Amino acid sequence: MRPTRALLSTGLLAGALVAGMAVALAPAADAGTTLRAAAAEKGRYFGAAVATGKLSDSTYSTVLNREFNSVVAENEMKWDATEPQQGRFTYTGGDRLVSHARANGMSVRGHTLLWHAQQPSWAQGLSGSALRSAAINHVTQVATHFRGQIYAWDVVNEAFADGGSGGRRDSNLQRTGNDWIEAAFRAARAADPGAKLCYNDYNTDGINAKSTGIYNMVRDFKARGVPIDCVGFQSHLGTTIPGDYQANLQRFADLGVDVQITELDVTTGGNQANIYGTVTRACLAVSRCTGITVWGVRDCDSWRGSDNALLFDCAGNKKAAYTSVLNALNAGGTTTPPPNTTAPPPTTTSPPPSQGGCSASVSLNAWTGGFVATVRVTAGSGGTLGWAVTMTLPGGASVTNTWSATASGSTGTVRFTNVDYNGQLGAGQSTEFGFQGNGSGSGLTPSCAAA
Ligand code: G2I
């Protein structure tokens, strides 16, 4: 007997259900069961913005520690929190977050060194060169305090205007001169050469005038050797997501910077779960998209109030949006980030020092046509009064910019010597310097001599 059309489709439906159940009952052997595990399997981090005052809430910290392997301070590393009076720095909240991260195997994003908002009132009252030098001192002090603990810093936040101009936002910082952003990036690199340095902004969720203005700035920075490693896309989303969300991430990645989703939250008015899934898939499809951060843990932790914009309800239960993100992370067909782009948890380990002299190791952040090398110099048992690191660049490569060391030569064998503040190292102590180059930096083998 030939099956009727209805029976046939019922049979197909049953088959599909069985197949679906089989998937549900027997997940792929390597499927992650938490956001942090699933993201790690894809070479990414999954982070949350944290208010350290909530760490003592066990519902909050249970979800945070189980699901996330990266954190960012929602407010506690901002200018008003870290330098409430000029020259008087307080790091209580930030330090607490860093130690929580270290204890729980999480990396830390730093947010944010300079921003037009949440400035202490003393800075709001400054202008011109007094503000410029206060701002650069702030960058230097804060990045130095957290040196070695931060995976990526939002060096500058929200400096571009909304609307169609594609230009800078007016602010007291902008009025100190258009070069304030690059001055901040150079100061951050000098203070913490190991941290990735990001520009971070919102309303950049597709190819539009604002994101294009930022794109042009990043391209210009790369061309002139201004140290920038990443761009943060806040992604505070409403009921829709632009169709070119992924293409926009990709065009920045193609400039030779990492991209990160830095403050993701999505209103409940539209299809929240779908939009969360779309963002996750876009990040996984862009090899230089190194991770995603949601801006809070539970709906009632969110700055968006009644929007219920996050992945967990107020009792800490997983929402449909959570499942959508987890499934997207566990799905196949994703790209792998290049080496040296993933976030290690904060660490204080350093390479073993050689007896007597010093040793040097290099880590590379490379893109087509260029690279940034970060070199760690570690003193042997006798300490150093000064040091020199030599390395031979591959043919065609040249040094274009050096920080925290002085370079002699720019091609072939280049010798880097300490600057006045980092030559003296106690036994086993280390310091870092860096340089940017054109061409390939692969295979660099540094050798260190102590004075
Ligand atoms: O506005 C959402 C985010 C947009 N991108 C940059 C982020 O830094 C920003 O975060 C929010 C925090 O989530 C809020 O928690 O930044 C706000 C300030 O612009 C933060 O709000 C402030 C309140 O305005 C203050 O009254 C309060 O004292 O939080 C402070 C600390 O709780």
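Fair warning: this is a prediction, and the values are worked out from it, not measured in the lab.

Participant: Run through the packing of helix α10 (residues 245-253) against helix α11 (residues 272-285), naming residues and quoting values.
Facilitator: Look at α10 against α11: their axes get within 9 Å of each other, and the N-to-C directions meet at 30°. When the axis of α10 is compared with that of α11, the two are roughly parallel. As α10 runs across α11, the sense of the crossing is right-handed. Contacts between α10 and α11 involve Tyr245, Gln246, Leu249 and Gln250 on the former and, on the latter, Val279, Ala282, Cys283 and Ala285. For the contact of α10 with α11, a count of residues per class yields six nonpolar, two polar and no charged.

Participant: With reference to specific residues and values, describe the environment of Asp258.
Facilitator: Take Asp258: it is sitting in strand β8 (residues 258-266). On the basis of relative accessible area, Asp258 is assigned to the buried category, the value being 0%. Side chain to side chain, Asp258 and Arg288 meet in a polar contact 2.9 Å long.

Participant: Tell me about the sheet that holds strand β16 (residues 430-438), and please be specific about residues and values.
Facilitator: Strand order in the open sheet made by the four strands is β10-β11-β16-β13, with antiparallel pairing throughout. If you trace the sheet from one side to the other, it starts and ends with β10 (358-367) and β13 (398-403), each paired once. Neighbour-to-neighbour, the strand axes of this sheet turn through a mean angle of 25°, independent of strand direction. As defined by bridge partners, β10 adjoins strand β11 (residues 370-379) across ten bridges and the pair is classed as antiparallel. Looking at the pairing, Asn365 lines up with Val372 of β11.

Participant: Got a sec to walk through the site of the ligand? Specific residues and values, please.
Facilitator: Not every one of the 13 residues close to the ligand is listed here, only the nearest: Glu74, Lys78, His111, Glu158 and Glu263. Contact between the ligand and Lys78: an oxygen atom at 2.7 Å from a side-chain N or O atom of the residue. At 2.7 Å from a nitrogen atom of the ligand is found a side-chain nitrogen or oxygen belonging to Glu263. For the ligand, the accessible surface in isolation is 630 Å², of which the surrounding protein chains cover 56%. When the residues that make up the shell around the ligand are grouped by side-chain class, the tally is three nonpolar, six polar and four charged.

Participant: Outline the confidence of the model for the chain, supporting the account with residue identities and numerical values.
Facilitator: Looking at the chain, the pLDDT average stands at 89 and 89% of residues meet or exceed 70. Note on residues 1-28: pLDDT under 50 across the span, and one contact to partners over four residues away in sequence or across chains. With pLDDT under 50 throughout, residues 347-354 is counted as low confidence; its partners more than four residues away or in other chains account for 20 contacts.

Conventions and cut-offs
Residues numbered from 1 in each chain as written. Predicted model: local features only at pLDDT ≥ 70, side-chain atom pairs only at ≥ 80, totals over all residues. Heavy atoms only, no water. Axes fitted to C-alpha atoms, helices over the stretch in contact; angles between N-to-C directions. Helix = DSSP H or I, 4+ residues; strand = E, 2+ residues; numbered from the N terminus. Parallel < 35°, antiparallel > 145°, perpendicular 65-115°, else oblique. Left-handed = near helix turned anticlockwise from the far one by under 90°. Contact = heavy atoms within 4.5 Å. Nonpolar A, V, L, I, M, F, W, Y, C, P; charged D, E, K, R; others polar. Buried < 20%, exposed > 50% of the residue type's maximum accessible area, 1.4 Å probe, protein only. Polar contact = N/O pair within 3.5 Å; in protein donor to acceptor, adjacent residues only side chain to side chain. Pairing = 2+ DSSP bridges. Near = heavy atom within 4 Å. Areas by Shrake-Rupley, 256 points an atom, 1.4 Å probe, with all protein chains shown as cover. pLDDT = per-residue confidence, 0-100.

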